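Per-entry structural report
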Amino acid sequence: MIGVLDSGVGGFSVLREIRALLPDQDITYIGDNAWCPYGNKSYRKIRERTFALSDFLIEQGAEIIVIACNSATIVAIEALRALYPLPFIGMEPGVKPAAALTQTGTIGVLATEASLRGDKFHHLVARHARDIRVITQPCPKFVELVEQGVLSGPKVDAAIDEYTAEMLAADADVLILGCTHYPFLRPALEARLPAHIRFVDTGDAIARRVAQHILTPAENPHIQILTTGVPDEVSSLAQKLTPEIQAHCAPLFLP
Ligand code: DGL
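Presented here is an overview of the structure given in this document. Every value quoted in this text rests on a predicted model; they were computed, and no experiment measured them.

On to the environment of Gly3. Residue placement: Gly3 occurs in strand S1 (residues 2-6). Here Gly3 falls in the buried class, since its relative accessible area comes to 0%. Note: C-alpha distance between Gly3 and Tyr29 (26 residues apart in sequence) is 6.0 Å.

Right under this line is the structure:
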């Protein structure tokens, strides 16, 4: 089984890529909705939650765990890899592909506050974007809107204008969607921003990294969605965000 976790429903943007590439696998997805958002939490809390969810997935028989959350990856992935024997695949803002794509030499990074203050993020920028101007912007309203299933309309447009004004004024031509919730707002971003702006989202690259591992195929592959929040709400969000995935959502009680 492939274990996938996120603070909420953002990881569905990664789950759909994994599902498309590996249809013969069982997948258990955990949305930690009771603790969402992670982006404004302390590193200690994010690490504690990520470990608790990973422990659960390992008990359930996960062969590999995908941390489908940039914030949890930046904060916890090294500790997870040091402690557990199974492979962990994490997300990180796509600074390298964005630096390769930009024509103006300026890129914008949309991510959570937790991701943007992490050493791991600063190392990424130092390694791949040394000669590039990098403008960062936390976007907490994007997470709230996606968790409410609001993917377009005046509230979304107002948040887009607020979060992208500075980077557009600085002539950024590539914007990194550095949080797994944000790809669900990509159609709204594309409609609202000038046509030459390119977007970088690493969900498909993560799925390809999972596919490099040898995993036991399931006889009757299915997807299980668990949430520490309200299952009915997450079920209807799942239908809206990823209608291609048929999955039942059940409650997960973790201390
Ligand atoms: N989806 C998450 C990420 O990729 C976290 C969003 C949040 O909970 O603040 O960073």
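Sheet architecture is open: six strands sit in the order S4-S3-S1-S2-S9-S10, paired in parallel fashion. Edge positions in the sheet fall to strand S4 (88-90) and strand S10 (248-251), since each has one partner strand and no second. Ignoring strand direction, the axes of neighbouring strands in this sheet form an average angle of 20°. Pairing of S1 with strand S2 (residues 27-31), which is carried by five bridges, proceeds in the parallel orientation. Residue pairing in the sheet places Gly3 in a bridge with Thr28 of S2. Packing against the sheet, helix H1 (residues 12-21) makes contact with S1, S2, strand S3 (64-67) and strand S9 (223-227), and its axis sits at approximately 175° to S2. The strands touched by helix H3 (residues 70-83) within the sheet are S3 and S4, with S4 carrying the most contacts at an inclination of about 160°.

This brings us to the site of the ligand. Near the ligand there are 13 residues, and of these Ser7, Tyr38, Gly39, Asn70 and Ser71 occur at the shortest range. Within the contact set of the ligand, an oxygen atom lies 2.6 Å away from a side-chain nitrogen or oxygen of Ser71. Within the side chain of His181, an N or O atom sits 2.8 Å from a nitrogen atom of the ligand. Out of a free accessible area of 300 Å², the ligand has 99% covered by protein chains. Residue composition of the shell around the ligand, grouped by class: five nonpolar, seven polar and one charged.

Now for the nonpolar core. In this structure, Ile2, Phe12, Ile18, Val66, Phe142 and Val210 are the most contacted members of the largest nonpolar core, which totals 53 residues. Ranked by residues supplied to this core, first place goes to helix H8 (residues 154-169) with five residues. Residues in contact with Phe12, not counting those within four places in the same chain, are Tyr29, Phe184, Ile225, Val234, Ala238, Leu241 and Thr242. Membership of the second largest hydrophobic core comes to 25 residues, among which are Met1, Leu5, Tyr38 and Leu57.

The subject of this paragraph is H8. Helix length check: H8, at 16 residues, gives a terminal C-alpha distance of 21 Å against a target of 22 Å (1.5 Å per residue), a fit within 8%. The largest bend in H8 comes to about 40°, at Tyr163. Within H8, the full set of buried residues consists of Val156, Ala159, Ile160, Tyr163, Thr164 and Met167. Structurally, H8 contributes buried residues whose contacts are with strand S5 (106-111), strand S6 (133-138), helix H7 (140-147), strand S7 (174-177) and helix H9 (186-192). Of the residues one or two after H8, Asp171 is the one with positive phi, at around 75°.

Quick notes on the rules
Residues numbered from 1 in each chain as written. Predicted model: local features only at pLDDT ≥ 70, side-chain atom pairs only at ≥ 80, totals over all residues. Heavy atoms only, no water. Helix = DSSP H or I, 4+ residues; strand = E, 2+ residues; numbered from the N terminus. Buried < 20%, exposed > 50% of the residue type's maximum accessible area, 1.4 Å probe, protein only. Pairing = 2+ DSSP bridges. Axes fitted to C-alpha atoms, helices over the stretch in contact; angles between N-to-C directions. Contact = heavy atoms within 4.5 Å. Near = heavy atom within 4 Å. Polar contact = N/O pair within 3.5 Å; in protein donor to acceptor, adjacent residues only side chain to side chain. Areas by Shrake-Rupley, 256 points an atom, 1.4 Å probe, with all protein chains shown as cover. Nonpolar A, V, L, I, M, F, W, Y, C, P; charged D, E, K, R; others polar. Core = buried A, V, L, I, M, F, W, Y, C linked by side-chain atoms within 4.5 Å. Expected span 1.5 Å × (residues − 1). Bend = angle between axes of the 7 residues up to and from the residue.

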